[in-house]
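Structural overview for review
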Amino acid sequence: MSSARRRSKSSSPALPSYNEAAELVAAYAARLARLRPGPRSSGASNSGPRGSDPDGPCIERVPLDQALGRVLAEPLRADADQPPFARSTRDGFACRAAEASSHRPLAVAGSTRAGQTPPGSLPRGSAWEIMTGAPVPAGADAVVMLEHVKEFDAHVEESGGPSARAVRLVPPRTIRKGENIVARGAQARKGDKLLLAGSWIGSAQIALAGSCGCATLNVFIKPRVAILSTGDELVPIGSAPGPGQIRNSSSAMLAAMVRAAGGDPWILPIARDTAKSLDTALARAASADLLLITGGVSAGKFDLVEPALIRAGARFHLTGVRIQPGKPLVFGEIPFRSIKPGPKLRRTKCPIFGLPGNPVSSAVTFMLFAAPIVAALAGRGGTDPSDARGPRFALARLAEDVKTKTSLTRFLPAACTFSGAFPEVALVPWQGSGDLAAMALANCFLVVPEDSDRLRAGSTVRILLP
Ligand code: AMP
Ligand code: MG
């Protein structure tokens, strides 16, 4: 590593701020999303044949119950009006609102439960017993709730059959047209685009796709994210660390984070702090869609990752950011190397992150910068501006004074409680960015702006959500 590069890492003012770095990464993510072979836009058929893509199979079909966390490769369209019939949202009596509101007795003309259809329309001056989810008979324009009527025997016929029942809306209550009915097609019309290609699939999206009859979904193939932990002191998790050694906990952590962001993690063997070991590992890893390297990016004597990246032909976009933890972060790209023919995105470069080795630093820099790139490579939000790829921030009330130093934006492990009227956040005591126990007690990170040396108890602060 050149001394000039080392100097640039230790002189904070030369480094970009968090916002500048985040904007750069967001612009890069947007470019990557555009490079991804386009989603299928002619998604008129939810169950049509799988599309063939000249760039290789970028889309796969998965069973609906395995679609959680995947990204839709084509729009989801309503296969029918939703709801498909005017539906009662209450147990009660379908009626004409004007008649019911006059408080006259209404003869109960029939009864329909969910799964049945009323045989005819509602006769004038009558009501129709109806259950939640059942189709409302033609002619009815409201449903009075069971709890709001008085039911009695009208003695219309001696037989005591259904026509003897009558109900009256209990005064002074009245009812308006449309109450407790969802009109046919009010949620969606047949053919409407309900979800755009690029949408992340959660449980609600799975339910919606199920309601449209999709037993399978076309989703983007997940990007392969290589994870390379570096360090002479690291041993695999299953090994007993010798003197001076520690377990490689970060690879497993990052694999989990990659999965949550929509990627397919590929954990590589630990690389040692030697040029040869790093060169060999990089040659292999450059076949991934994204490479995450941990450790070896600070200014120490054995921080050899940047020189190795330069030998691999790297172009750097970031070599440090004014944040803590995570200041030595490296972001760039190396030429893509195909180790075997197979599905590839339309790219010639493999984006790389050099994440600082301390696990809390690795976690924070992943959340802030790498996760948006994974999401973009996964095809997420490429066409849907509302599906943000960036980190999620929220506001909370600070429980206690926090003192720090200026010049770096800080992301400090914190615990936020959501039980009160407003989220309340407090720092988790920590021993620095190697403190995994503290990070495991935290559920967010308190954001301290770089110009603040103090945040006061009771003030509204930003938190970074996982
Ligand atoms: P480095 O960035 O390589 O200087 O590493 C900073 C600190 O993080 C050192 O204490 C390392 O032992 C620790 N560290 C580096 N990589 C890992 C890893 N994969 N898992 C756990 N700790 C690590
Ligand atoms: Mg190291």
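Residues numbered from 1 in each chain as written. Chains lettered and ligands numbered in written order. Predicted model: local features only at pLDDT ≥ 70, side-chain atom pairs only at ≥ 80, totals over all residues. Heavy atoms only, no water.

**Topic: the overall build of the protein**
Filter applied, for reference: Strands are runs of DSSP state E lasting at least 2 residues, helices are runs of H or I lasting at least 4, and numbering of each runs from the N terminus. Only protein chains enter the accessibility calculation, which uses a 1.4 Å probe; a residue whose area is less than 20% of its type maximum is buried, one above 50% is exposed, and one in between is partly exposed. Using a 1.4 Å probe, accessible areas were evaluated by the Shrake-Rupley method; residue-level cover was limited to the displayed protein chains.
When its secondary structure is counted, the protein shows nine helices and 28 strands. Every one of the 466 residues in the protein was classed for burial, and the buried ones make up 48%. Carbon and sulfur atoms make up 54% of the accessible area of the protein, which totals about 21700 Å².

**Details of the sheet that holds strand 20 (residues 330-335)**
Just so we agree on the cut-off: Strand pairing is assigned whenever DSSP detects at least two bridges linking the two strands. Every axis corresponds to a line fitted to the C-alpha atoms, with the helix fit spanning only the stretch in contact, and the corresponding angles, defined between N-to-C directions, vary from 0 to 180 degrees.
Within the open sheet, the six strands sit side by side as 16-13-17-21-20-18. Their pairing is mixed. Every interior strand has two partners, whereas the edge strands, strand 16 (264-267) and strand 18 (315-319), have only one. Strand-to-strand, the axes of this sheet are offset by a mean angle of 20 degrees, without reference to chain direction. Examined bridge by bridge, strand 17 (residues 290-294) and strand 21 (residues 349-355) share four bridges and lie parallel to one another. Note on strand 21: the bridge partner recorded for Leu291 is Ile352.

**Some details on unusual backbone geometry**
Working note: non-glycine residues mostly have negative phi, and peptide bonds are mostly trans. Between Pro171 and the following residue, Pro172, the backbone shows a cis peptide bond with an omega angle of 5 degrees. Of note, Pro172 is situated in the loop between strand 9 (165-169) and strand 10 (181-182). In the segment running from Gln324 into Pro325, the intervening peptide bond is cis, with an omega of 0 degrees. With respect to the helices and strands, Pro325 occurs in the loop between strand 19 (323-324) and strand 20. If you check the backbone angles, Asn180 has positive phi at about 65 degrees while not being a glycine. In this fold, Asn180 is placed in the loop between strand 9 and strand 10. For Asn180, a relative accessible area of 17% gives the class buried. Of note, Ser407 is a non-glycine position whose phi angle comes to about 95 degrees, a positive value.

**A word on the sheet that holds strand 7 (residues 142-145)**
Paired through backbone hydrogen bonds, the strands of a sheet run either parallel or antiparallel to each other. Pairing in this open sheet of six strands is mixed, and the strands run 7-4-6-5-9-8 from one edge to the other. The open sheet has two free edges, formed respectively by strand 7 and strand 8 (149-153), since each of these has just one partner strand. Between one strand and the next, the sheet's axes are offset by a mean angle of 40 degrees, whatever the strand orientation. Strand direction decides the pairing type here: strand 4 (residues 92-95) and strand 7, joined by four bridges, are antiparallel. Bridging from a neighbouring strand, Ala94 pairs with Val143 of strand 7.

**Some remarks on empty space enclosed by the protein**
Applicable threshold: Here a cavity means grid points, on a 1 Å grid over the protein atoms only, where a 1.4 Å probe fits yet cannot get out; a pocket means an open set of points with protein on both sides within 12 Å along at least five of seven lines; lining residues are those with an atom within 4 Å of a point. Grid points are joined across faces, edges and corners, and a volume is the space filled by probe spheres set on the points. Just so you know the grouping, Ala, Val, Leu, Ile, Met, Phe, Trp, Tyr, Cys and Pro go in nonpolar, Asp, Glu, Lys and Arg go in charged, and all remaining residues, Gly too, go in polar. Boundary definitions for the domains trace back to an automatic or database domain assignment.
All told, the structure shown has two cavities of 30 Å³ or more when counted by the stated rule. Considering only enclosed or pocket space, the largest cavity measures out at about 40 Å³ in volume. Along its surface, the largest cavity is lined by Gly69, Arg70, Val71, Phe220, Ile221, Lys222, Pro223, Gly262 and Ala378. Across the lining of the largest cavity, the residue classes tally to five nonpolar, two polar and two charged. Two domains each put at least three residues into the lining of the largest cavity: domain 1 (9-37 + 222-387) and domain 2 (59-81 + 187-220). What the second largest cavity holds in volume is close to 30 Å³. Of all the secondary structure elements, the ones that give two or more residues to the lining of the second largest cavity are strand 4 and strand 9. Per element, the largest residue contribution to the lining of the second largest cavity is three residues, and it comes from strand 9. Of the residues belonging to the lining of the second largest cavity, the class tally is nine nonpolar, no polar and one charged.

**Quick look at the site of ligand 1**
As a reminder, the rule being used: Each residue is tested against the molecule or strand, and it is near if at least one of its non-hydrogen atoms lies within 4 Å. Counted as a polar contact is a pair of N or O atoms within 3.5 Å, where, for protein atoms, one must be capable of donating a hydrogen and the other of accepting one, and residues adjacent in sequence contribute only when both atoms are in side chains.
Every one of the 16 residues lining ligand 1 counts as a neighbour, but Glu233, Asn248, Gly296, Gly357 and Asn358 are closest to it. Between ligand 1 and the protein, one listed contact pairs an oxygen atom with a backbone N or O atom of Gly296 at 2.9 Å. A distance of 3.1 Å separates an oxygen atom of ligand 1 from a polar atom in the backbone of Asn358. Compared with its free state, where it exposes 480 Å², ligand 1 has 77% of that area covered by protein. Those elements that provide at least two residues to the shell around ligand 1 are strand 15 (246-247) and helix 5 (249-261). When its residues are assigned to classes, the shell around ligand 1 shows three nonpolar, 10 polar and three charged.

**What about the pairing of strand 22 (residues 392-398)?**
Judged from the six bridges that link them, strand 22 and strand 28 (residues 460-465) form a sheet pairing that is antiparallel. When the sheet's bridge partners are listed, Arg392 is paired in strand 28 with Leu465. The sheet contact formed by strand 22 and strand 25 (residues 424-427) spans two bridges and is parallel. Bridge pairing in strand 25 links Leu398 to Val425.

**Looking at the environment of Gly390**
Here Gly390 is to be found in the loop between helix 8 (359-377) and strand 22. Residues Gly390 and Ala371, spaced 19 residues apart in sequence, show a C-alpha to C-alpha distance of 7.4 Å.

**Some words on the confidence of the model for the protein**
Stated formally: Think of pLDDT as the predictor's per-residue confidence, scored from 0 to 100. In this analysis, two residues are considered to be in contact whenever any of their non-hydrogen atoms come within 4.5 Å of each other.
Predicted confidence across the protein gives a mean pLDDT of 90, with 87% of residues reaching 70 or more. Throughout residues 40-55 the model reports pLDDT below 50, and contacts reaching past four residues in sequence, or to other chains, amount to 34 contacts.

**Notes on the environment of Pro466**
Turning to its location among the elements, Pro466 is positioned in the segment after strand 28. In the structure, Pro466 is positioned 98 residues away from Leu368 in sequence and 9.9 Å away in space, judged by C-alpha atoms. Beyond its immediate chain neighbours, meaning those up to four positions away, Pro466 contacts Met367, Arg392, Asn443 and Cys444.

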